[in-house]
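# Observations on chain architecture
Now for the letters of each chain:
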Amino acid sequence: MVDESGWTRRETLKAAVAAGGAAALSACLDRADEPVPDGPDDLSSLPERQHAWNDRVRTDEHGNRLLPRHQILLYLTLSGDGPPGPDARRTVESALRTLDRAYERSHGGLLSSMAYSPRYFARFDDDLPDSVDLPEPRALSPFETPTFDRQDALLHLASDRADVVLEAEEGLRGRRSAVNGVEMDAPLTDALDVADRRTGFVGAGMPADRQDGLEGIPDSNPVPEASPLFMGFMAGFRKNQATEDYVTIRSGPFAGGTTKHVSNLRMRLGDWYGEQSFDERVAEMFSPVHAERDLVEGVGENLGASSGITPEIVSEIRDHAREYARVGHAQKAARANRTDDGTVRTLRRHFESTDGGEASLHFPSLQSEISTFEEVRAAMNGTDLTEVPTIRQRANNGILEYIFVKRRGNFLVPPRSLRALPTPAGETPGLGD
């Protein structure tokens with residue numbers, strides 16, 4: 001279908017979420033075919049874990065969970081220097097509860113989570129309990145100089161429908177009086193200011209649709225149509241992801257929550273596609289063994305539910321560095337991303353972006369402690385492998401040559417009952433029971 005401006009529906013949806021605003025939402029609503037499912041009558045039926053998304057999203061034939069196709073990150077700040085008052089707390093809870101009532105908690109409705117930074121908790125006289133590992137963000141490699149996200153809060157919105165995330169955002173900003181037929185009692189921006197807005201997408205065909213003229217992508221438009229990510233391969237294999245149970249904080253006032261690290265990485269894929277063969281890309285994304293044995297076909301759908309990084313591939317990484325003169329990204333990270341019994345430690349929910357006209361990656365990672373993510377990142381850096389002459393800090397060292405960290409932020413995702421401006425003691429004064 002082509003509208004009067006000559007834009008197809010596909011083109012409109014492609015640009016809408018990144019552009020944002022009332023005009024983008026109107027364009028999406030004009031093209032919406034199906035009604036959006038409503039939220040539950042009984043909000044107590046919603047999970048206490050805000051990060052409980054796994055049973056609310058689509059899966060492929062191998063049971064790999066497919067993240068919602070459209071995503072928005074709203075970085076939020078409180079005015080002033082002190083702790084928030086009960087009025088602000090009630091406003092935040094009211095706004096988030098409106099979303100709960102308006103949209104089914106699913107990929108076809110809306111998934112969301114509200115998280116808080118170390119800087120937010122520093123507004124209070126008391127410290128966070130020892131059960132919460134939430135340090136200030138810092139550089140996690142010797143070759144990065146990121147900007148640190150220290151805004152008070154982060155609201156993550158996700159849906160398979162562009163109109164849903166846009167409408168929810170417009171309601172939260174006070175620019176729409178109702179969302180999916182439910183009146184907004186008060187916009188979120190009555191209590192919090194939007195300091196930054198970041199957008200993204202994930203899913204087969206979406207990166208290829210958006211690659212033309214994008215900074216960081218060669219003019220030849222090499223991203224495969226079947227790929228859910230710019231680098232041409234699948235990710236997030238079910239057996240290589242931590243469970244939601246594992247990443248949940250077990251004790252203390254924030255039991256039932258989790259920690260969230262979010263990094264933003266720009267991509268420079270000219271050499272990735274222009275100088276590396278398919279086998280070399282496989283070797284650097286997965287492992288040299290994957291390339292030698294032809295384990296990966298196309299974007300990797302043939303791998304099923306696992307990336308194929310075996311304990312042997314992990315333990316022999318130094319031998320592979322000497323034999324093949326390169327090591328794989330997944331191979332390196334797995335050294336720290338599994339316990340001794342093979343349990344995966346982090347749950348990654350990353351998605352691509354064209355913000356600012358460049359190819360980039362938003363990388364949210366969930367774990368019970370931020371230190372877990374830092375350990376996995378240290379393994380991914382592969383600094384210890386540079387003693388092998390062919391392995392340099394970036395070159396031949398997984399995918400480090402093609403990605404550059406722009407931003408890092410650490411956040412606590414409290415349980416749902418504490419999502420509205422909690423104190424370090426895990427209380428929300430002024431909300432009542």
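The preceding data block contains the structure.
Structure report, in brief. (Residues numbered from 1 in each chain as written. Predicted model: local features only at pLDDT ≥ 70, side-chain atom pairs only at ≥ 80, totals over all residues. Heavy atoms only, no water.)

Each helix and strand in the chain was counted, giving 13 helices and 14 strands. Taking the principal axes of the C-alpha coordinates as reference, the chain spans close to 65 × 60 × 35 Å. For the chain, contacts bridging at least 24 residues in sequence account for 76% of all contacts bridging at least 6. Total accessible area on the chain stands at roughly 17500 Å², and carbon and sulfur atoms take up 45% of it. Taking the average place of the 50 positive charges on the side chains of the chain and the average place of its 70 negative ones, the gap between the two points comes to 1 Å. (Helix = DSSP H or I, 4+ residues; strand = E, 2+ residues; numbered from the N terminus. Contact = heavy atoms within 4.5 Å. Areas by Shrake-Rupley, 256 points an atom, 1.4 Å probe, with all protein chains shown as cover. Lys, Arg positive; Asp, Glu negative; His and termini not counted. Charge placed at Lys NZ, Arg CZ, Asp CG, Glu CD.)

There is a patch of like negative charges on the surface, built from Glu292, Glu312, Glu316, Asp319 and Glu323. Residue placement: Glu323 occurs in helix α11 (residues 317-324). For Glu323, a relative accessible area of 55% corresponds to the exposed category. (Patch = residues over 30% accessible without salt bridge, like charges linked within 9 Å, V, L, I, M, F, W, Y side chains within 5 Å. Salt bridge = Lys/Arg side-chain N within 4 Å of Asp/Glu carboxyl O. Buried < 20%, exposed > 50% of the residue type's maximum accessible area, 1.4 Å probe, protein only.)

Counted residue by residue, strand β6 (residues 153-159) has seven buried out of seven residues, so it is predominantly covered. Taking every second residue as pointing to the same face, both faces of β6 are buried, with Ala153, Leu155, Leu157 and Ser159 on one and Leu154, His156 and Ala158 on the other. Alignment of strand β3 (residues 70-77) against β6, held across seven bridges, turns out to be antiparallel. Bridge pairing in β6 places Tyr75 opposite Leu154. In this structure, strand β4 (residues 111-116) lies alongside β6, joined through six bridges in antiparallel fashion. Each residue of the ladder has a partner; that of Ser113, found in β6, is His156. (Pairing = 2+ DSSP bridges.)

What follows covers the packing of aromatic side chains. Throughout the structure, instances matching the rule amount to ten aromatic pairs. In this structure an aromatic cluster arises from ring pairing among Tyr116, Tyr120, Phe121, Phe124 and Phe254. Lying across the ring of Tyr75, Arg198 places its NZ or CZ 3.9 Å from the centre. The side chain of Arg210 reaches across the aromatic face of Phe201, ending 4.6 Å from its centre. (Phe/Tyr/Trp six-rings, centres within 6.5 Å; stacked < 30°, edge-to-face > 60°. Lys NZ or Arg CZ within 6 Å of the ring centre and 35° of its normal.)

Quick look at the layout of surface pockets now. For the largest pocket, the calculated volume is near 680 Å³. Looking at the largest pocket, it is lined by 32 residues, and the ones nearest its centre are Asn64, Arg65, Leu66, Leu67 and Ala235. Breaking the lining of the largest pocket down by element, the ones donating at least two residues are β2 (65-66) and β11 (347-348). When grouped by side-chain class, the residues that make up the lining of the largest pocket number 13 nonpolar, nine polar and ten charged. (1 Å grid on protein atoms, 1.4 Å probe; cavity = no way out; pocket = protein on both sides within 12 Å on 5 of 7 lines; lining within 4 Å. Points joined across faces, edges and corners; volume = space filled by probe spheres on them. Nonpolar A, V, L, I, M, F, W, Y, C, P; charged D, E, K, R; others polar.)

Bringing the nonpolar core into the picture now. Nonpolar side chains in soluble globular proteins generally cluster together in the buried interior. Of all hydrophobic cores here, the largest spans 47 residues; its most connected members are Val92, Tyr103, Met114, Leu155 and Leu157. Going through the elements one at a time, α1 (9-19), α2 (21-30), β3, α3 (86-102), β4, α4 (118-121), β6 and α5 (162-172) are the ones with two or more residues in this core. Contacts of Leu157, omitting those with residues within four sequence positions, involve His70, Gln71, Ile72, Leu74, Leu99, Leu110, Leu111, Ser112, Val165, Ala168, Glu169 and Leu172. Leu140, Val223, Leu361 and Ala379 belong to the second largest nonpolar core, which has 38 residues in total. (Core = buried A, V, L, I, M, F, W, Y, C linked by side-chain atoms within 4.5 Å.)

Take the pattern of salt bridges next. As enumerated under the stated definition, the model contains 33 salt bridges in all. Residue Arg119 pairs with Glu136 through a salt bridge whose shortest N-O separation is 3.5 Å. One end of the pair, Arg119, is in helix α4; the other, Glu136, is in the loop between α4 and β5 (147-148), with 17 residues separating them in the sequence. Exposure remark for Arg119: the relative accessible area of 38% places this residue in the partly exposed category. A salt bridge links Glu375 to Arg345; the shortest N-O distance between them is 2.9 Å. Of this pair, Glu375 sits in helix α13 (residues 370-381) while Arg345 sits in the loop between α12 (329-333) and β11, placing them 30 residues apart in sequence. Since its relative accessible area comes to 40%, Glu375 is described here as partly exposed. A single salt-bridge network, built from bridges that share partners, covers Glu93, Arg97, Asp100, Arg416 and Arg419.

What follows is about the pairing of strand β13 (residues 360-367). Within β13, eight of the eight residues are buried, which leaves the element mostly enclosed by the surrounding structure. Burial along β13 is two-sided: the residues Ser360, His362, Pro364 and Leu366 and Leu361, Phe363, Ser365 and Gln367 are all buried. Looking at chain direction, strand β10 (residues 258-267) and β13 are connected through eight bridges and run antiparallel. In the strand pairing of β13, Arg266 is matched with Ser360. In this sheet, β13 lies alongside β11 in antiparallel orientation, the contact comprising two bridges. Counterpart to Arg348 in the pairing with β13 is Ser365. Bridge analysis of strand β12 (residues 351-353) against β13 gives three bridges, and the strand direction is antiparallel. The residue bridging Glu352 from the neighbouring strand is Leu361, located in β13. Between the end of β12 and the start of β13, which pair antiparallel, lie six residues, with Gly356 showing a positive phi angle near 70°.

The subject of this paragraph is the environment of Arg338. Mapped onto the secondary structure, Arg338 falls in the loop between α12 and β11. For the pair formed by Arg338 and Val376, sequence separation is 38 residues and the distance between their alpha carbons is 9.1 Å. When neighbours within four sequence positions are excluded, Arg338 is seen to be in contact with Lys239, Asn240, Thr343, Val344 and Arg345. Of the polar contacts made by the side chain of Arg338, one reaches the backbone oxygen of Lys239; its length is 3.2 Å. (Polar contact = N/O pair within 3.5 Å; in protein donor to acceptor, adjacent residues only side chain to side chain.)

The final tally for this structure, using the stated rule, is five cavities of 30 Å³ or more. Along the walls of the largest cavity sit 37 residues, with Ala235, His329, Arg348, His350 and Phe363 positioned nearest its centre. Listing elements by their share of the lining of the largest cavity, those giving two or more residues are β10, α12, β13, α13 and β14 (403-413). Broken down by element, the lining of the largest cavity gets its largest block of residues, four residues, from α13. Considered class by class, the residues forming the lining of the largest cavity number 22 nonpolar, ten polar and five charged. In this structure, the second largest cavity occupies an estimated 80 Å³ of space. The wall of the second largest cavity is formed by Gln50, His51, Trp53, Ser113, His156, Lys260, Arg349, Pro364, Leu366 and Val413. Here the lining of the second largest cavity is built from residues that sort into four nonpolar, four polar and two charged.

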